[in-house]
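# Tertiary structure, described
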Amino acid sequence: MTNSGAAKAPVLGVRALGRATLARQLLLDRSPLPALEAVRHLLGLQAQNVRPPYYALAARLDAFAPEELSALMADRAVVRIVTLRSTIHTHTAEDCLTLRPLVQPARDRELGAFRAGLAGVDLERLAARARELVEAEPRTMAQLRAALGAEWPDADPRALAVAARCRLPLVQVTPRGLWGRSGQVALTTAEHWLGRPARPAPDAGDVVLRYLAAFGPASVKDMQTWAGLTRLRDVFERLRPRLLTFRDPHGVELFDLPGAPRPDPDTPAPPRFLPEFDNLLLSHADRSRVVPPAYRGRAWQGNQAHRTLLVDGFLAGLWKLDGDALVVETFGEATRSRREAIAAEGARMLAVLHPGGPHDVRFGTVVRR
């Protein structure tokens, strides 16, 4: 903490923080928002794989159907692009054109790991040539490696393609990302795909306010973890007169919007089935508000995240689809009433995303690869 007044700020316990975050994440009560507005409110959805954004919205929205998000993607109202934490996110077109410039410094730093393979390469010229290539027709990373490698034969082809992805806002074109469709990753620029120029990076303060609306209460380090950026302390200090401050149980200063929901810690939190890489589990430096210490690391194996189950607002198990069945593994013993609530939520998820089939929910062992 850097402010003497922080020591006098009220303390928010783990359950209070968790309930507040669940409310902002539309996971305490499902929201009536349409998919486009939900993606905007959430500042995007983690999307390394194709299906997670659909499962994320099914858990959060009251009347969601996968065809709704798929249609938005086909109409180019939402796109898949590398942004926060150097990972693929599904963003609204507007956020794609603004959040990507905001995190550009992080993409520039990422290039440092490929410096040796880019010796002697003029990065401005490379970006211009890569833009010509992908705007002539969408290209896969393999095609970019081959085309750029032909012009810079002494450079590392992989480093050339990564440099193009870091320097340019490259979106994945459809049919990649459409529900029930398949397609390899082919890239073009956001400006070309959306038919409009990139926007200037938004004021960082505006993004802080949006982050708090979707993930707060939060510390400076929490937001830096979410965005993959550093040196945001000054932005929070500039906003301090407009914000409330709290402390977490460890004394870390938290910021929040005055009118944002902070439900009673005992507010019921129904079970929720979340996809792998869900933003809820990735967007804070201290994740104890949703991940009990005893289960830390259980949602991951190496670089692979598992599909997770929330019970009473906390990580409580894993799940997978096995043929026509939903297989649930709880980390601890669940009471009969909780198993019934988990099964009901699982059946609902299957009905939303896999209608017409049997809705079999089993409790068993999830194989961890």
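Located above this text is the structure these notes cover.
Note that the structure is predicted; figures quoted are calculated from it, not measured. (Residues numbered from 1 in each chain as written. Predicted model: local features only at pLDDT ≥ 70, side-chain atom pairs only at ≥ 80, totals over all residues. Heavy atoms only, no water.)

### A short note on the overall build of the protein
Helix and strand content of the protein: 14 helices and 14 strands. Taking 21 Å as the expected radius of gyration for a compact globule of 369 residues, we find that the protein reaches 21 Å, a close match to that expectation. The dimensions of the protein, computed from C-alpha atoms along their principal axes, are 65 × 60 × 35 Å. Buried residues in the protein amount to 53% of all 369 residues. Counting contacts in the protein only where the partners sit at least 6 residues apart, residues at least 24 apart contribute 68% of the total. Accessible area of the protein: about 15,900 Å², with a carbon and sulfur share of 51%. Of the side chains in the protein, 50 bear a positive and 40 a negative charge, and the two mean positions are spaced by 3 Å. (Helix = DSSP H or I, 4+ residues; strand = E, 2+ residues; numbered from the N terminus. Rg over C-alpha atoms; globule rule 2.2 N^0.38 Å. Buried < 20%, exposed > 50% of the residue type's maximum accessible area, 1.4 Å probe, protein only. Contact = heavy atoms within 4.5 Å. Areas by Shrake-Rupley, 256 points an atom, 1.4 Å probe, with all protein chains shown as cover. Lys, Arg positive; Asp, Glu negative; His and termini not counted. Charge placed at Lys NZ, Arg CZ, Asp CG, Glu CD.)

### A word on the sheet that holds strand E2 (residues 78–82)
Strands pair in a sheet through their backbones, by hydrogen bonds, and they do so in one of two ways: parallel or antiparallel. Spatially, the 5 strands line up as an open sheet ordered E1-E3-E2-E4-E5, and their pairing is antiparallel. Since the sheet does not close on itself, it has two edges, and those belong to strand E1 (45–46) and strand E5 (187–189), each with one partner. The pairing of strand E4 (residues 170–172) with E5 spans 3 bridges and is antiparallel. Its bridge partner being in E5, Gln172 is matched across the sheet by Leu187. Its contacts with the sheet put helix H5 (residues 93–102) on E2, strand E3 (88–92) and E4, and the angle it makes with E3 is roughly 120 degrees. (Pairing = 2+ DSSP bridges. Axes fitted to C-alpha atoms, helices over the stretch in contact; angles between N-to-C directions.)

### Focus on the nonpolar core
Leu57, Phe64, Phe273, Leu326, Met349 and Leu353 are the most contacted members of the largest nonpolar core, which totals 32 residues. Those elements that provide at least two residues to this core are helix H2 (35–41), helix H3 (52–60), helix H4 (66–74), strand E11 (308–311), strand E12 (314–322), strand E13 (325–330) and helix H14 (336–353). Residues within four places of Met349 in sequence aside, it is in contact with Tyr55, Phe273, Trp319, Leu326 and His354. With 27 residues, the next largest nonpolar core counts Leu43, Leu99, Leu209 and Val220 among its residues. (Core = buried A, V, L, I, M, F, W, Y, C linked by side-chain atoms within 4.5 Å.)

### Structural notes on unusual backbone geometry
With an omega dihedral of 20 degrees, the bond running from Thr174 to Pro175 counts as a cis peptide bond. As for its placement among the helices and strands, Pro175 is situated in the loop between E4 and E5. Note the cis peptide between Gly216 and Pro217, where omega equals -5 degrees. Checked against the element boundaries, Pro217 lands in the loop between helix H11 (204–215) and helix H12 (220–227). In the Ramachandran plot, Arg85 falls in the positive-phi region, its phi being about 55 degrees despite a non-glycine side chain. Within the secondary structure, Arg85 sits in the loop between E2 and E3.

### Section: empty space enclosed by the protein
Under the counting rule described, the total for this entry stands at 3 cavities of 30 Å³ or more. Classifying every residue of the lining of the largest cavity by side-chain character gives 7 nonpolar, 2 polar and 1 charged. Leu45, Gln46, Pro52, Ala56, Arg60, Pro275, Phe277, Asp278 and Asn279 are the residues that line the second largest cavity. A per-element tally of the lining of the second largest cavity places H3 first, with 3 residues. A per-class count over the lining of the second largest cavity returns 5 nonpolar, 2 polar and 2 charged. (1 Å grid on protein atoms, 1.4 Å probe; cavity = no way out; pocket = protein on both sides within 12 Å on 5 of 7 lines; lining within 4 Å. Points joined across faces, edges and corners; volume = space filled by probe spheres on them. Nonpolar A, V, L, I, M, F, W, Y, C, P; charged D, E, K, R; others polar.)

### With respect to the pairing of E13
Burial within E13 is extensive, with 5 of its 6 residues counted as buried. Relative to E13, E12 runs antiparallel, the two being bridged by 6 bridges. Residue pairing across strands places Asp322 opposite Ala325, the latter belonging to E13. With antiparallel pairing between neighbouring strands as the criterion, E12 and E13 make up a hairpin whose turn holds 2 residues, including Gly323 at a positive phi of roughly 65 degrees. Inspection of the sheet shows E13 paired to strand E14 (residues 360–363) by 4 bridges, in the parallel sense.

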